[in-house]
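# Results of the structural survey
Residues per chain are reported as follows:
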Amino acid sequence: MNHFIKSLCFLVIFSTVERAGAQDSLNVRDAAEIRYKAGNIVERELKDLLNAVSSTTFETQETAELIHNAYSEGRNRIFRDSSVLVEPDINPTYQTSGQAGDEPLDKYLRDMDILYKKSDSNTIAFSNIRCSNVKKKDIVYVKVYFSSFFKGSSTVSDRPYALNNRIAEIKAEKDRNQWHLYIVRLGFFNPADTGNDVTNNIPLKVEMSALAGLTAQSTAQDTAAAIQRQVSFDEEQSEKVTKQLVEKEKQDDEQFKKLLVLGDQSSAKSAFTQALNYYKNARDIKPSNIEVNARIKKTVNDQQQFTMKADELYTQYSKMAALQVKNRQYKEAIQSYQEARNQKPAETASIDSTIRILTVKYRILSDLQEKYNAGYIPEAFKEYSDAIKKDPMNSDYYLGRARCWEKMTDKSKWAANALKDYAQAIETDPYNLAAIRGRAELYVHTGDYFKALSDYKVYLTLDKENVELYERKSEMHVLLKLPKDAIADLDEALAVNPKAAHVYLSKGLLLYDGGDVKGASDNFTTSLRIDSTNALAWYNRGRCDVPLNRIPAAASDFASARDKGLDSGSIKIVAGYAARFYEQAADRFANAKTDSAIVYIDYAISIDPDMALYRFTRGDYYYSKSKYNEAIVSYDKAIGLNPQYMEAYYKRGMARNGIADYKEAIVNFTSAMKLDPANVLAQKGESDARMALKDYSGASAAGENGLRIAAGVKPPVNPLVLAEIYNTLSRAYYEQGDYEKAVANGKNAVRRNPNLAEAWYNTGNAYYKQGQQANAIENITKALSLDDNHIVWHYVLAKSYQDKKDLTNALGQYAACAEKDKFD
């Protein structure tokens, strides 16, 4: 076998496999996009996330949100879910697979928060990033190899970090023509294992145009040149996609830097609100960036300080420090007292005394807390117990041991012992807010909601401005089925902070569940005035709009919710609203209320604009009213959403027939036939369109093909449809002068539909041309008995009688022509 034949066979086989299993191949553009995005998700987003988690810039709650958002539905998600397995590298002694077992992603990120020393700058760097080819096993995925280096230090080992070789396996899935990538595994890898990693590689689609012009006489050199042209084209496409993505990334970077500069300039002018807007827009581009979050925090602080006098700041810092002491946040309390001292230097002596006392407490407790944070629970438990023996009146020791009890594996006794230690901590110091809250949370865990509620109430007598605790109190009232009390709790929270957008959201949800849809909507609106980025607030206001019969507003709110990153479960609920409007539209259409049906199908489309079925149905409703141009607009949109929508091509062809655009009608019928070669109606539509264009041979060919298809389909084609096909064939053959076939097809038409007047006439007319006047008279008379509104039919019948020398009947038919002509 020569080189040409070998190459040709390879490409033909490849193309055949590609057509048989298109889901197992990718075009060059998709492959390039996936590989680029996979590299980018590691080089930028994963690295930024780890640096953010290990940064002093973020508060505890902010770090928790970063971790949660990394694997939850939303715009900052980079992992599939929290169950993604990771080979941990936070302990410097772990450098290869097998040294530590896999652990869930959530634990890995929380350990990063606790066990890796924080810094105010980036301390985690990635290098030597390389992507595998796109692969498929159960999912489409790509492997990204990279080297990772931690410049900081560990809290669990004195050993310095070394350069580690890491791998990220990244899942790719396509939704609405967009590739979305999520990390499904992180681990160590051996660089030697990556050189020939071809397992599960997805083949790239080959365009058979590469062989254009090749024949059996083509040489091996011709074939090689053709293949090289295709390879060059593929490389060009790949480079083009990569260039576009790089350009988009470059634009984002430039916009990010520009926003930082604008924010800095505004901040320097004390235009803090404007500066925050710039910084927040920058954060939208890079949510985990330390630099921009540090600026936001500083600007918020500067803004607050700018509007306060020294005395107010002193009071605020002192009050904050006192609460932090009660919450056993000694480090933060020391910092707050230092800030208070800076505002009133005259108070140095008394404040310094307090700071010294707190520093001693912090030093003693921090060592115990570090063991607890590092997961050394038995050791921490023992040291807390020893400390209690030495100082049984120290509330903090009981608090620490209670927390250790909660981490114990023996569930049979830990809750009771933890509650006992929490109670002792509170008895020793009734102002120990951390113990009061800890006990309340434990009561929640054990299902004792009344006791939890009691502790939350006690807490709030000591810290009346803690919005979060009012929310927790509200949650207890919900669990106890006391919705009015739950709403009252949220009102108390809003009295403390009238700008707490999430509290308005929670209150709105309670009102909605209680049937106060208008009140719920008002609260969602208030929430959005404060924070317009909350997808759930948009979504829930949309849910209120529906029963309030504000459907356009609902559609707008649902669109905003999707734009802000609405979760998939809520998106399904939105789709359910649209589906119900679709069902109502169908019911009205079935009852001949077409105008009303159009209103409801428009509601469905406005709520779920990407549903091709709704667009198609709207087209059908307008088609039924003979508003063909409006129908075509809807069919166009249905096909735009689903290019494989065969029925939409067919109906668009019928609508084109309706406006006499027969050439375009044929194009649509042809498209329908490509998607469904057994579509008799589409073939009939083409035949009718060609007939209208006076392409009689084309019309007869299309009609005959329609009959061949009809003979082999199940269930059998409706006889009335077959009658119309035969009738069109009768007309087409008549126009071509083949009267014998015209008669035969006319007979077949009336055999299947004896009430098809036109078929009786066409048969009689063909008989007339053959000089068979008796048969012509019989068939045309039958036609006129079914439909007496055609002058031409009377005229041909008159001619038939005249040719037969039956002048009386001939005159009668001519008279009928004259009579009908008066009204035309």
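Residues numbered from 1 in each chain as written. Predicted model: local features only at pLDDT ≥ 70, side-chain atom pairs only at ≥ 80, totals over all residues. Heavy atoms only, no water.

## Considering the overall build of the chain
Helix and strand counts for the chain come out as 35 helices and seven strands. Relative to its 824 residues, the chain shows a buried fraction of 45%. In the chain, 55% of the contacts between residues at least 6 apart in sequence involve partners at least 24 apart. Accessible surface for the chain amounts to roughly 42100 Å². Of this, 51% is attributable to carbon and sulfur atoms. (Helix = DSSP H or I, 4+ residues; strand = E, 2+ residues; numbered from the N terminus. Buried < 20%, exposed > 50% of the residue type's maximum accessible area, 1.4 Å probe, protein only. Contact = heavy atoms within 4.5 Å. Areas by Shrake-Rupley, 256 points an atom, 1.4 Å probe, with all protein chains shown as cover.)

## Re empty space enclosed by the protein
In the structure shown here, the tally under the stated rule is one cavity of 30 Å³ or more. What lines the largest cavity is Leu46, Leu50, Asp89, Tyr108, Phe126, Phe146, Ser148, Phe150, Arg166 and Leu186. Counting residues per element, the ones that place at least two in the lining of the largest cavity are helix 2 (28-53) and strand 5 (140-150). It is strand 5 that provides the largest number of residues to the lining of the largest cavity, a total of three residues. (1 Å grid on protein atoms, 1.4 Å probe; cavity = no way out; pocket = protein on both sides within 12 Å on 5 of 7 lines; lining within 4 Å. Points joined across faces, edges and corners; volume = space filled by probe spheres on them.)

## Describing the environment of glycine 764
On the secondary structure map, glycine 764 appears in helix 32 (residues 757-770). For the pair glycine 764 and threonine 781, spaced 17 residues apart in sequence, the C-alpha separation works out to 8.7 Å. With residues near it in sequence (within four places) discarded, glycine 764 still touches Ala776, Asn779 and Ile780.

## Comments concerning the packing of aromatic side chains
Following the criterion strictly, the structure yields 20 aromatic pairs and no others. Judged by centre distance (5.0 Å) and plane angle (10°), the ring pair of tyrosine 761 and tryptophan 793 falls under stacked. Taken together, the residues tyrosine 761 in helix 32 and tryptophan 793 in helix 34 (residues 791-803) connect sequence positions 32 residues apart. Like tryptophan 793, tyrosine 761 is buried. Here a set of aromatic residues connected by ring pairs shows up, and it is made of Tyr116, Phe150 and Tyr161. (Phe/Tyr/Trp six-rings, centres within 6.5 Å; stacked < 30°, edge-to-face > 60°.)

## A closer look at the packing of helix 2 against helix 3 (residues 60-71)
Viewed as axis vectors pointing N to C, helix 2 and helix 3 meet at an angle of 155°, and their least axial separation amounts to 10 Å. Overall, the two elements helix 2 and helix 3 adopt an arrangement that is roughly antiparallel. Both helix 2 and helix 3 take part in a crossing whose hand is left-handed. Residues Leu49, Ala52 and Val53 of helix 2 lie in contact with helix 3, whose contacting residues are Thr63, Leu66, Ile67 and Ala70. (Axes fitted to C-alpha atoms, helices over the stretch in contact; angles between N-to-C directions. Parallel < 35°, antiparallel > 145°, perpendicular 65-115°, else oblique. Left-handed = near helix turned anticlockwise from the far one by under 90°.)

## Observations regarding the nonpolar core
Counting residues in hydrophobic clusters, the biggest one holds 152 residues, and the most contacted among them are Phe558 and Ile607. Core analysis: the second largest hydrophobic core is formed by 44 residues, Phe58, Ile78, Val140 and Ile170 among them. (Core = buried A, V, L, I, M, F, W, Y, C linked by side-chain atoms within 4.5 Å.)

## Digging into the confidence of the model for the chain
On average, the chain scores 85 in pLDDT, and the residues at 70 or more come to 89%. This model gives residues 1-23 a pLDDT under 50, and the stretch forms 25 contacts once residues within four places in sequence are excluded. (pLDDT = per-residue confidence, 0-100.)

## What about the environment of arginine 690?
In this structure, arginine 690 sits in helix 28 (residues 680-692). Judged by relative accessible area, which is 22%, arginine 690 ranks as partly exposed. In this structure, the C-alpha to C-alpha distance between arginine 690 and alanine 702, residues twelve residues apart in sequence, is 8.5 Å. In contact with arginine 690, not counting residues within four places along its chain, are Ile666, Asp695, Gly698 and Ala699.

## Observations regarding the packing of helix 28 against helix 29 (residues 696-712)
Interhelical geometry of helix 28 versus helix 29 gives an angle of 165° and a closest axis separation of 8 Å. Our classification of the angle between helix 28 and helix 29 gives roughly antiparallel. Helix 28 and helix 29 meet at a crossing whose hand is left-handed. Every residue of helix 29 that contacts helix 28 at Val680, Gln683, Glu686, Ser687, Arg690 and Met691 is listed here: Tyr696, Gly698, Ala699, Ala702, Gly703, Asn705, Gly706, Ile709 and Ala710. For the contact of helix 28 with helix 29, the per-class residue count stands at seven nonpolar, six polar and two charged. (Nonpolar A, V, L, I, M, F, W, Y, C, P; charged D, E, K, R; others polar.)

## Quick notes on the pairing of strand 5
Burial analysis of strand 5 places ten of its eleven residues in the buried class, the great majority of the element. The pairing of strand 3 (residues 124-131) with strand 5 spans six bridges and is antiparallel. Bridging across to strand 5, phenylalanine 126 finds its partner in serine 148. Counting the residues that bridge the hairpin from strand 4 (residues 135-136) to strand 5 gives three residues. (Pairing = 2+ DSSP bridges.)

## Overview of unusual backbone geometry
It is generally the case that most residues other than glycine have a negative phi and that most peptide bonds are trans. In this model, lysine 714 is joined to proline 715 through a cis peptide bond whose omega is -5°. For proline 715, the position within the fold is in the loop between helix 29 and helix 30 (719-735). The phi dihedral of asparagine 549 falls on the positive side, at around 60°, and the residue is not glycine. Among the structural elements, asparagine 549 can be located in the loop between helix 20 (535-545) and helix 21 (551-563).

## Focus on helix 23 (residues 594-607)
Taking 1.5 Å as the rise per residue, helix 23 with 14 residues should run 20 Å; its terminal C-alpha atoms sit 20 Å apart, in good agreement. Against the buried residues of helix 23 lie helix 21, helix 22 (568-590) and helix 24 (612-624). (Expected span 1.5 Å × (residues − 1).)

## Digging into the pattern of salt bridges
Side-chain pairing between opposite charges can occur once the charged atoms of the two side chains come close. On inspection of all chains with the given rule, the structure shows 39 salt bridges. Aspartate 106 is the partner of arginine 110 in a salt bridge, and the nearest nitrogen-oxygen pair spans 2.8 Å. Note that arginine 110 and aspartate 106 are positioned in helix 4 (residues 105-115) at a spacing of four residues, about one turn of the helix. Since its relative accessible area comes to 41%, arginine 110 is described here as partly exposed. Linking arginine 472 and glutamate 441 is a salt bridge whose minimum nitrogen-to-oxygen distance equals 2.7 Å. Within this pair, whereas arginine 472 is found in helix 16 (residues 467-479), its partner glutamate 441 is found in helix 14 (residues 433-446), the two being separated by 31 residues in sequence. On the basis of relative accessibility, which here comes to 15%, the residue arginine 472 falls in the buried class. Several salt bridges converge on common partners, so that one network encompasses Arg437, Glu441, Glu468, Arg472 and Glu475. (Salt bridge = Lys/Arg side-chain N within 4 Å of Asp/Glu carboxyl O.)

## Observations concerning helix 34
Its 13 residues give helix 34 an end-to-end C-alpha distance of 18 Å, which sits within 8% of 18 Å, the value for a rise of 1.5 Å per residue. Of all the residues in helix 34, the buried ones are Trp793, His794, Val796, Leu797, Ala798, Ser800 and Tyr801. Looking one or two residues past helix 34, lysine 805 carries a phi angle of roughly 70°, positive in sign.

## Side note on the side chain of glutamine 813
In this structure, glutamine 813 sits in helix 35 (residues 807-821). A relative accessible area of 16% places glutamine 813 in the buried class. Here the side chain of glutamine 813 touches histidine 794 through a polar contact of 2.7 Å, side chain to side chain. When residues no more than four places from it in sequence are discounted, the contact partners of glutamine 813 are Leu784, His794, Leu797, Ala798 and Tyr801. (Polar contact = N/O pair within 3.5 Å; in protein donor to acceptor, adjacent residues only side chain to side chain.)

## Structural notes on the environment of tyrosine 456
By the element assignment, tyrosine 456 lies in helix 15 (residues 449-462). The sequence separation of tyrosine 456 and methionine 476 amounts to 20 residues, and the corresponding C-alpha distance is 9.4 Å. What tyrosine 456 contacts, discounting residues up to four positions off in sequence, is Ala440, Glu441, Val444, Leu469, Arg472, Lys473 and Met476.

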